[in-house]
Amino acid sequence: MKCDTCGKEVKEVKRVIVDTGYDRTLAKALYNCAECYEKKERAKKSAKK
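Residues numbered from 1 in each chain as written. Predicted model: local features only at pLDDT ≥ 70, side-chain atom pairs only at ≥ 80, totals over all residues. Heavy atoms only, no water.

So, on to the pattern of salt bridges. Tallied over the full model, the rule gives three salt bridges. We note a salt bridge from lysine 8 to glutamate 35, for which the minimum N-O separation is 3.5 Å. Taken together, the positions of lysine 8 in the segment before strand 1 (18–19) and glutamate 35 in helix 1 (residues 34–48) put the pair 27 residues apart, joining distant regions of the chain. On the basis of relative accessibility, which here comes to 37%, the residue lysine 8 falls in the partly exposed class. The residue glutamate 41 makes a salt bridge to lysine 44 at a minimum N-O spacing of 3.2 Å. Taken together, the residues span about one helical turn, with glutamate 41 and lysine 44 both in helix 1 at a distance of three residues. For glutamate 41, a relative accessible area of 17% gives the class buried. By relative accessible area, lysine 44 is classed as partly exposed at 24%. (Salt bridge = Lys/Arg side-chain N within 4 Å of Asp/Glu carboxyl O. Helix = DSSP H or I, 4+ residues; strand = E, 2+ residues; numbered from the N terminus. Buried < 20%, exposed > 50% of the residue type's maximum accessible area, 1.4 Å probe, protein only.)

See below:
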């Protein structure tokens, strides 16, 4: 599998599509490696503060 964010070949990718007040079900699906996924989660949590 390939990370849509960094392009790295990995065994597993993750995708989160639903969060409180945030619905991306109609957006283009982006699948991320663990590193990119964690970066996005940290950025999302930082933005909420």
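A few words now on the confidence of the model for the protein. Across the protein, the average pLDDT comes to 86, with 94% of residues at or above 70. Within the protein, the element-level pLDDT minimum falls on strand 1, averaging 66, and the maximum on helix 1, averaging 88. (pLDDT = per-residue confidence, 0-100.)

Tracing the chain through its elements places cysteine 36 in helix 1. Assessed through its relative accessible area of 7%, cysteine 36 is described here as buried. Not counting chain neighbours up to four residues away, the residues in contact with cysteine 36 comprise Cys3, Thr5 and Cys6. (Contact = heavy atoms within 4.5 Å.)

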